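Structural characterization, general
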Amino acid sequence: MTGAAPARGTGPAPAPADPLLLEGARLPGAAEPVDVLLVEGRIAEVLPHGVAPASAAAARAERVRLAGRWLVPGLHDRHVHASQWAMVSRRLDLAGAGSAAAAAALVEASVAAGATEVIGFGYRDGLWADAPRRDLLDRVSGDVPVVLVAADLHACWVNSAAARRHGVGDAAGESGILREDDCFRLVRGLDDIADDVLDAWVAEAAARAAARGVVGVTDYEMRWNRDDWARRAAGGAFPLRVAFGIYPQHLDRALAEGLRTGDLVEGTGGLVAVGGAKVITDGSLNTRTAWCFDPYPGLDHHEHPYGLATVPYEDLVPHLRRAHAGGIAPAVHAIGDRANARVLDVLEAVEPTGWHGRASIEHAQLLRREDVERFARLGVVASVQPEHAMDDRDVADRYWAGRTDRAFMLAELQAAGVELALGSDAPVAPLDPWVAIAAAVGRSRDGREPWHPEQAIDVRAAIAASTGGAGPEVRVGGRADLAVLDADPYAASLDGLRAMPVAATLVGGRIRHAAIG
């Protein structure tokens, strides 16, 4: 799930799942139905329907009739913020706010309804005609603290009451806007929720993900996640596999405890693994802090007209060298073309012989064409979120004018031999791989004309990039992490892909979601 070495395991192996025989499955692209035998968490045999399996385990296998449903490898979301995704449904929804005034009106209604604190999520101000201002929120909220988190998670808008509560008045200024590290610090405080409450919310979100065919996620919540996930998955009954990222402030602890990318966390039934060393090296497009070679139009007199490099090269190289030497793979955030070029420089300096899929750049939204070749040569995984292209197309056309042919370059990355790994960045986009797959295939949403359709990839490639390295097809010897579909993904329309009906999800040969009658 992190482009790193397979999990080695640090604790006792989980009890093997009972054998299952999935009868009458259809594999996308294949003409005849098959039966699939699952033994001890692996795909033991794939046989023509009705042919007796050779394995002795088949005699004690439970039989599950799929009745012609389609079977694909289970889906992985390569980039999520699990706690924040779990919290979203409990926060004021700002996704429909087309202006600062409209967002303030939503706050006003929440306060009028009796809210004693307003935490909102999902505003996108890149195309707003009016600018966010602290006094605008103050007028509608009074002494009720208000924190509105941008959809990209890189900015938040606060009123005076919240600025006092969180001690951020000087940083927020008259605009009330906090960006990058100032925003991250405040949001971490908002996420300080009792473990049992947050765990219940995460469990609900995980069940919803499993219902969409998800078998695993890579979590980049900005906290020490090992203990959270060990607690949630204790006993092995959690419905998803999870790899957790390690941020710079936690690297010393991870190295001291001997954590290595791919290691399994003891007591989690093989479900929780150590992920990569996450570093954020620039901002985002909607916050206009993604670090670019060209300035943002209209920001000529801004403090950072080219965006923002958040980690100097001379700091990033030794940090990733320490992580790499300790067995923790790099997973580096870069959105702007200048940030991506710089991170490739760093990765080459750290490991000149290449990474062979053991390092990733997270997002890789805007690239120079010469850097596509460098991704391939260095063996760096492009961990991308195709639905961001649908959310950002208009703001990209404005702020990356003349360069959008180099934005979300899925087809060119694939053609160059770069490994793609699709994700959502939930809550920035929904934790639903079918949404990402549809965006990667169609480059369109809501009936609009496709946006740079030359960068689209086909369904098979999109599914392959969504399976955590399993590939697009069910194969003997692979993990018994599977999704059962009620429609053929290869024949589905774009709308059909987005709404793909999932009948069952299996993790390690155990059914974790079932809607089969």
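In this text, all values refer to a predicted model and were calculated from it rather than measured experimentally.

Section: the overall build of the protein chain
Each helix and strand counted, the protein chain has 17 helices and 21 strands in total. Relative to its length of 517 residues, the protein chain is compact, with a C-alpha radius of gyration of 23 Å against a globular reference of 24 Å. Principal axes of the C-alpha set define a box for the protein chain whose edges measure 75 × 55 × 50 Å. Counting all 517 residues of the protein chain, 59% fall into the buried class. Counting contacts in the protein chain only where the partners sit at least 6 residues apart, residues at least 24 apart contribute 74% of the total. Surface summary for the protein chain: the accessible area is close to 19,600 Å², and the carbon and sulfur share equals 51%. When the 52 basic and 69 acidic side-chain charges of the protein chain are each reduced to a single mean position, those positions are 3 Å apart.

A look at the state of the cysteines
Enumeration over the complete set of coordinates arrives at 0 disulfides. Here Cys-156 stays free of any disulfide, with the sulfur of Cys-183 as its closest cysteine sulfur at 3.5 Å.

Re the environment of Arg-338
With respect to the helices and strands, Arg-338 occurs in helix α11 (residues 337-350). With a relative accessible area of 30%, Arg-338 lands in the partly exposed category. With 46 residues separating them along the chain, Arg-338 and Cys-292 place their C-alpha atoms 4.6 Å apart.

A closer look at the pairing of strand β1 (residues 20-25)
Across the 6 residues of β1, 6 count as buried, placing the element largely inside the fold. Pairing geometry for β1 and strand β4 (residues 62-65), over 4 bridges, is parallel. When the sheet's bridge partners are listed, Glu-23 is paired in β4 with Arg-65. Of the pairings in the sheet, the one linking β1 to strand β2 (residues 34-39) comprises 4 bridges and is antiparallel in character. Bridge assignment links Ala-25 to a residue of β2, and that residue is Val-34.

Observations regarding the packing of aromatic side chains
Scanning the entire structure with this criterion turns up 6 aromatic pairs. Ring centres 6.2 Å apart and planes at 70° place the aromatic pair Tyr-123 and Trp-157 in the edge-to-face group. With a gap of 34 residues between them, Tyr-123 in strand β8 (residues 118-123) and Trp-157 in strand β10 (residues 155-158) connect regions that are remote in the sequence. The two residues Tyr-123 and Trp-157 agree in class, both being buried. Here the aromatic cluster, defined as three or more aromatic residues joined through ring pairs, consists of Tyr-123, Trp-128 and Trp-157. Looking at Arg-26, its charged tip hangs above the ring of Trp-70, at a distance of 3.9 Å from the centre. The residue whose ring lies beneath Lys-278 is Tyr-220, and the NZ or CZ to ring-centre distance is 4.7 Å.

Observations regarding the pairing of strand β13 (residues 241-246)
Where burial is concerned, most of β13 is hidden: 6 out of the 6 residues are buried. Of the two faces of β13, both are covered, the one formed by Arg-241, Ala-243 and Gly-245 as well as the one formed by Val-242, Phe-244 and Ile-246. The pairing of strand β12 (residues 214-219) with β13 spans 4 bridges and is classified as parallel. Paired with Asp-219 across the two strands is Phe-244, which belongs to β13. Of the strand pairs in this sheet, β13 and strand β14 (residues 272-280) are connected by 4 bridges, and their pairing is parallel. By the bridge assignment, Ile-246 is partnered in β14 with Ala-277.

Observations concerning the sheet that holds strand β6 (residues 75-80)
Reading across from one edge, β6-β12-β13-β14-β15-β16-β17-β18 is the order of the 8 strands in this open sheet, with parallel pairing throughout. A strand with exactly one partner marks an edge of an open sheet, and here the two such strands are β6 and β18 (420-422). Neighbour to neighbour, the strand axes of the sheet diverge by 25° on average, direction disregarded.

Criteria and cut-off values
Residues numbered from 1 in each chain as written. Predicted model: local features only at pLDDT ≥ 70, side-chain atom pairs only at ≥ 80, totals over all residues. Heavy atoms only, no water. Helix = DSSP H or I, 4+ residues; strand = E, 2+ residues; numbered from the N terminus. Rg over C-alpha atoms; globule rule 2.2 N^0.38 Å. Buried < 20%, exposed > 50% of the residue type's maximum accessible area, 1.4 Å probe, protein only. Contact = heavy atoms within 4.5 Å. Areas by Shrake-Rupley, 256 points an atom, 1.4 Å probe, with all protein chains shown as cover. Lys, Arg positive; Asp, Glu negative; His and termini not counted. Charge placed at Lys NZ, Arg CZ, Asp CG, Glu CD. Disulfide = S-S within 2.5 Å. Pairing = 2+ DSSP bridges. Phe/Tyr/Trp six-rings, centres within 6.5 Å; stacked < 30°, edge-to-face > 60°. Lys NZ or Arg CZ within 6 Å of the ring centre and 35° of its normal. Axes fitted to C-alpha atoms, helices over the stretch in contact; angles between N-to-C directions.

Any functional reading would require information beyond the geometric quantities listed.
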